[in-house]
Amino acid sequence: MQPGIVGKIGFNSASVGVCLNAIRARPISTDLLPIHLLLRTALECDSVDAAIAAIEKLGGAASSQHILIADSHGARGLELSPRGAVYLPQDEGNLIVHTNHFLENKLVDEPPWLSGSPFRLEKARSLCRGFAQEVGSARLGDVVDATLLRNLVFSNTENSPQAICCSSDPTGGGLGLSETLFNVVMTFENGKEPKGEVVFGRPGSGAETRVYNMPW
């Protein structure tokens with residue numbers, strides 16, 4: 001985590017949660033708010049719709065980034081840029097999957113960055129959709145939890161080092177020495193207090209920590 005930031009990944013008492021995917025695209029605008037301030041703004045809202053309205057009122061983001069935002073009623077993928085935003089709805093399986101490239105926002109200049117991003121996107125979609133078909137949509141709410149997601153999706157190392165569970169690349173290619181440092185899963189349900197689980201280290205590596213529960 002960068003020191004001194006006011007928001008990045010988390011949730012509030014109203015069951016509004018945010019995650020951030022970095023995007024490398026041009027342009028940037030010094031007249032608009034940095035993405036971390038917009039994340040903090042979202043965490044001061046009581047719904048996804050209210051958060052989107054607040055971000056629009058503030059004029060959008062200074063750089064091109066993706067925010068995954070959810071509440072107890074659903075989720076949206078916010079592909080933000082200084083030139084405008086695209087809001088991705090849940091698909092037919094009530095799923096939103098995103099990695100480190102824009103899917104629908106064509107308002108920016110986005111040169112190639114991480115060659116593994118499309119693979120991770122399709123792999124995550126495939127894993128989630130395959131599991132949904134296996135258990136049936138009616139049972140998903142009963143069987144999907146943070147433990148299952150860590151075991152099924154977030155520990156996946158296919159296409160390593162640029163896998164869902166990323167490892168460092170000593171050759172300096174791709175992400176270089178960057179790797180997965182922690183995993184966060186948030187759960188929002190109507191009528192229940194929001195909760196989350198954090199594991200430090202790479203899920204499934206055998207070197208990760210125990211599960212830490214939020215609120216702490």
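Located above this text is the structure these notes cover.
Keep in mind the model is a prediction, meaning the values are calculated, not measured.

What counts, and at which threshold
- Residues numbered from 1 in each chain as written.
- Predicted model: local features only at pLDDT ≥ 70, side-chain atom pairs only at ≥ 80, totals over all residues.
- Heavy atoms only, no water.
- Helix = DSSP H or I, 4+ residues; strand = E, 2+ residues; numbered from the N terminus.
- Contact = heavy atoms within 4.5 Å.
- Lys, Arg positive; Asp, Glu negative; His and termini not counted.
- Charge placed at Lys NZ, Arg CZ, Asp CG, Glu CD.
- Core = buried A, V, L, I, M, F, W, Y, C linked by side-chain atoms within 4.5 Å.
- Buried < 20%, exposed > 50% of the residue type's maximum accessible area, 1.4 Å probe, protein only.
- Phe/Tyr/Trp six-rings, centres within 6.5 Å; stacked < 30°, edge-to-face > 60°.
- Lys NZ or Arg CZ within 6 Å of the ring centre and 35° of its normal.
- Pairing = 2+ DSSP bridges.
- Axes fitted to C-alpha atoms, helices over the stretch in contact; angles between N-to-C directions.

Section: the overall build of the protein
Within the protein, the regular secondary structure consists of 5 helices and 8 strands. The helix and strand sequence of the protein, counted from the amino end, reads β-β-α-α-β-β-β-α-α-α-β-β-β. Along the longest, intermediate and shortest principal axes, the C-alpha atoms of the protein span 50 × 45 × 35 Å. Put simply, 51% of the contacts in the protein that link residues at least 6 apart link residues at least 24 apart. Separation of charge centres in the protein, based on 18 positive and 23 negative side chains, amounts to 3 Å.

What about the nonpolar core?
Ranked by internal contacts, the top residues of the largest apolar core, which has 19 residues, are Val18, Ile35, Leu38, Ile67, Ile69, Leu78 and Leu80. Residue assignment for this core shows that the elements contributing at least two residues are β2 (17-22), α1 (35-42), α2 (48-57), β3 (65-71) and β4 (74-80). With 5 residues, α2 is the single largest residue contributor to this core. Once you skip the residues sitting within four places of it in the chain, Ile69 turns out to touch Val16, Gly17, Val18, Ala42, Val48, Ala51, Gly74, Ala75, Arg76 and Leu78.

Focus on the packing of aromatic side chains
Within this structure, the stated rule accounts for 2 aromatic pairs. Look at Phe11 and Phe188: their rings are 5.9 Å apart centre to centre, the planes differ by 70 degrees, and that puts the pair in the edge-to-face class. Of the two residues, Phe11 sits in strand β1 (residues 10-11) while Phe188 sits in the loop between β6 (182-187) and β7 (195-200), which places them 177 residues apart along the sequence. In terms of burial, Phe11 and Phe188 fall into one category: buried. The interplanar angle of 70 degrees and the centroid separation of 5.6 Å between the aromatic rings of Phe200 and Tyr212 together place this pair among those described as edge-to-face. One end of the pair, Phe200, is in strand β7; the other, Tyr212, is in strand β8 (residues 212-214), and 12 residues separate them in sequence. For Arg210, the ring lying beneath its charged end belongs to Tyr212, and the centroid distance is 4.0 Å.

Details of unusual backbone geometry
Residue Pro27 follows Arg26 across a cis peptide bond; omega there is 5 degrees. Its place among the elements puts Pro27 in the loop between β2 and α1. Of the consecutive residues Met214 and Pro215, the connecting peptide bond is found in the cis state with omega at -5 degrees. Inspection of the secondary structure puts Pro215 in the segment after β8. The phi angle at Ser15 is positive, at roughly 65 degrees, despite the residue not being glycine. By secondary structure assignment, the location of Ser15 is in the loop between β1 and β2. A relative accessible area of 5% places Ser15 in the buried class. Even without glycine at this site, Asn94 takes up a positive phi of about 60 degrees. With respect to the helices and strands, Asn94 occurs in the loop between β5 (86-88) and α3 (117-135).

Describing the pairing of β2
Strand direction decides the pairing type here: β1 and β2, joined by 2 bridges, are antiparallel. Note that in β2 the partner of Phe11 across the bridge is Gly17. The hairpin turn running from β1 into β2, its antiparallel successor, is 5 residues long, and Ser15 in that turn takes a positive phi close to 65 degrees. Sheet topology note: the β2/β3 ladder contains 6 bridges and is antiparallel. Residue Val18 lies in a different strand from β3, and its bridge partner there is Ile69.

Examining the sheet that holds β8
Sheet strands pair by backbone hydrogen bonding; their relative direction is either parallel or antiparallel. Taken together, 3 strands build an open sheet; the order of strands is β6-β7-β8 and the sheet is antiparallel. Looking at strand neighbours, the two that pair on one side only are β6 and β8, the edges of this open sheet. On average, each strand axis in the sheet is inclined to that of its neighbour by 20 degrees, with strand direction left out of account. Across the face of the sheet, helix α5 (residues 146-154) comes into contact with β6 and β7 while running at roughly 135 degrees to β6.

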